[in-house]
Amino acid sequence: MTLSIENLTVLERGRAVVSDATLSVAPGKVTAVLGANGAGKSELVLAVAGMKPVTSGSVRLDGRELTGLPPDVIRGSGVAAVPEGHRVLTRLSVDDNLRAAGSLLAARDVEDALASTYVLFPELAERKKQIAGTMSGGQQQMLAIGHALMCRPRYLLIDEMSLGLAPLIVKRLVLAIRELVARGVGVILVEQFIEVALSLADDAVVMRGGEVRYSGPAETLKNDHAVLDRAYF
Ligand SMILES: Nc1ncnc2c1ncn2[C@@H]1O[C@H](COP(=O)(O)OP(=O)(O)OP(=O)(O)O)[C@@H](O)[C@H]1O
Ligand SMILES: [Mg+2]
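Numbers given to residues run from 1 along each chain, matching the order in which its sequence is written. Whichever chain is written first becomes A and whichever ligand is written first becomes 1, with later ones labelled in order. Since the coordinates come from a predicted model, pLDDT governs what is reported: local features require at least 70, and pairs of side-chain atoms require 80 or more to be given and counted, while whole-chain, interface and lining totals use all residues.

**What about the overall build of the chain?**
Short version of the rule: Numbered from the N terminus, helices here are DSSP runs of H or I no shorter than four residues, and strands are runs of E no shorter than two. Throughout, the radius of gyration refers to the C-alpha atoms, and the reference size of a globule is 2.2 Å times the residue count to the power 0.38. Buried means a residue has 20 or more other C-beta atoms within 10 Å of its own C-beta, exposed means 12 or fewer, and partly exposed covers the counts in between; C-beta atoms are placed from the backbone.
Along its length, the chain carries ten helices and ten strands. Here the C-alpha radius of gyration of the chain, 17 Å, is about what a compact globule of 233 residues would show, namely 17 Å. Based on the C-alpha atoms only, the size of the chain along its principal axes is roughly 50 × 35 × 35 Å. Within the chain, the proportion of its 233 residues that are buried is 42%.

Structure representation (structure tokens):
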């Protein structure tokens, strides 16, 4: 049981923005994706989620081919992405945001998914009627994660979870991710803050120029900064 990305290549105007990238994550595990600006992390997330065309390689969920399927089919099969920049429907209430995100589910399942999202984020439960655009960046990020959770994913890809957020909020989000992981969700976490990423991750990859330059235990990167430096620079 894994989400496995094998030899994934994404061409953008003839240039490989993701090049032959291989990584995977198992249920209840976290794989961190590190790398400098322009390394191809976001492109990787978008391609796995079906939001960017894959040029070659494959994305498989428990052996089932997801490569090239439309985003809603990929979501429906249990792989949800939280794209960069906590995108929410700013004019809608928190509750309506989550209901809109759950529109693919049966009515009963919507209530279950809502309830479990509100358990994970009581901050959102307290603000059901609040217009999303009036919330803080951290609250909007919770809502963006909530959006993804409304399809009851087995795997979650989060791009730049903590970008622009205060340390206290980041701590809060880390706790939420730990809780999801404890529920058995597998997480691919793209994160600028290396410490945050490595504090959560079991495994890590470091990308550079679209390629995976390091792949292995997160522990190795924690203990040996030279490995990280080599992969970054
Ligand atoms: N639509 C596009 N057309 C051409 N090039 C693009 C396009 N989108 C992204 N790129 C390029 O793809 C490369 C990888 O970008 P990507 O956004 O995946 O990097 P990233 O690792 O997420 O960086 P950051 O840390 O800044 O978020 C970059 O060189 C970027 O300029
Ligand atoms: Mg990015």
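Alright, that's what it looks like, and here's the rest.
**Focus: the pairing of strand 1 (residues 3-12)**
In plain terms, the rule: At least two bridges found by DSSP between two strands are what make those strands a pair.
With seven bridges joining them, strand 1 and strand 2 (residues 15-25) adopt antiparallel strand pairing. Bridged to Leu11 within strand 2 is Ala16. In textbook terms, the turn of a hairpin is the stretch between consecutive antiparallel strands, and for strand 1 and strand 2 this stretch comprises two residues, one of which, Arg13, has a positive phi near 50 degrees. Of the pairings in the sheet, the one linking strand 1 to strand 4 (residues 56-61) comprises five bridges and is antiparallel in character. Its bridge partner lying in strand 4, Leu3 is registered against Leu61.

**Some remarks on the nonpolar core**
Note the cut-off: Only buried residues count toward a nonpolar core: Ala, Val, Leu, Ile, Met, Phe, Trp, Tyr and Cys, linked into one set through C-beta atoms within 7 Å.
Counting residues in each nonpolar core, the largest one holds 73 residues, and the members touching the most others are Ala32, Leu156, Val187 and Leu189. Tallying contributions element by element places helix 6 (residues 137-149) first for this core, with six residues.

**Some details on the environment of Lys171**
Relative to the helices and strands, Lys171 resides in helix 7 (residues 167-182). Along the primary structure Lys171 and Val196 are separated by 25 residues, whereas in three dimensions their C-alpha atoms are 8.6 Å apart.

**Thoughts on the site of ligand 1**
Just so we agree on the cut-off: Residues are counted as near a molecule or strand when the C-beta atom, derived from backbone positions, lies within 6 Å of that molecule or strand. Under the grouping applied here, Gly and all other residues not named as nonpolar or charged are polar, the nonpolar ones being Ala, Val, Leu, Ile, Met, Phe, Trp, Tyr, Cys and Pro and the charged ones Asp, Glu, Lys and Arg.
The local shell around ligand 1 consists of Glu12, Arg13, Val17, Gly35, Asn37, Gly38, Ala39, Gly40, Lys41, Ser42 and Glu43. Examining the composition of the shell around ligand 1, we find that three residues originate from one element, helix 1 (residues 41-48), more than from any other. A breakdown of the residues in the shell around ligand 1 according to their chemical character gives two nonpolar, five polar and four charged.

**A word on helix 6**
Which entries qualify depends on this criterion: For a helix, the expected span equals 1.5 Å multiplied by the number of residues minus one. Two residues qualify as a contact pair if the distance between their C-beta atoms, derived from the backbone, is within 7 Å.
Here helix 6 contains 13 residues, and its C-alpha end-to-end distance of 18 Å stays within 8% of the 18 Å for a straight helix at 1.5 Å per residue. Most of helix 6 sits out of view: eleven of its 13 residues are buried. Within helix 6, burial applies to Gln139, Gln140, Gln141, Met142, Leu143, Ala144, Ile145, Gly146, His147, Ala148 and Leu149. Summarising the contacts, the buried residues of helix 6 are in contact with strand 6 (79-82), helix 3 (94-101), helix 4 (107-120), helix 5 (122-125), strand 7 (155-159) and helix 7.

**Comments concerning the sheet that holds strand 2**
Taken in spatial order, the four strands of this open sheet run 2-1-4-5, and their pairing is antiparallel. Each end of this open sheet is capped by a strand with a single partner; those strands are strand 2 and strand 5 (64-65).

**Quick notes on the environment of Glu191**
Along the chain, Glu191 falls in the loop between strand 8 (186-190) and helix 8 (194-200). Separated by 156 residues in sequence, Glu191 and Gly35 have C-alpha atoms that sit 8.5 Å apart. Filtering out sequence-adjacent residues up to four positions away, Glu191 remains in contact with Ala32, Glu160, Met161, Ser162, Val196 and Ala197.

**Things to note about helix 3**
What counts, and what does not: The arc in question is formed by the directions pointing from the helix axis toward the C-beta atoms.
All of the buried residues in helix 3 are Val94, Asn97, Leu98 and Ala101. Across the axial projection of helix 3, the buried residues extend over an arc of 90 degrees, all falling on one side. Taken together, the buried residues of helix 3 touch helix 4, helix 5 and helix 6.

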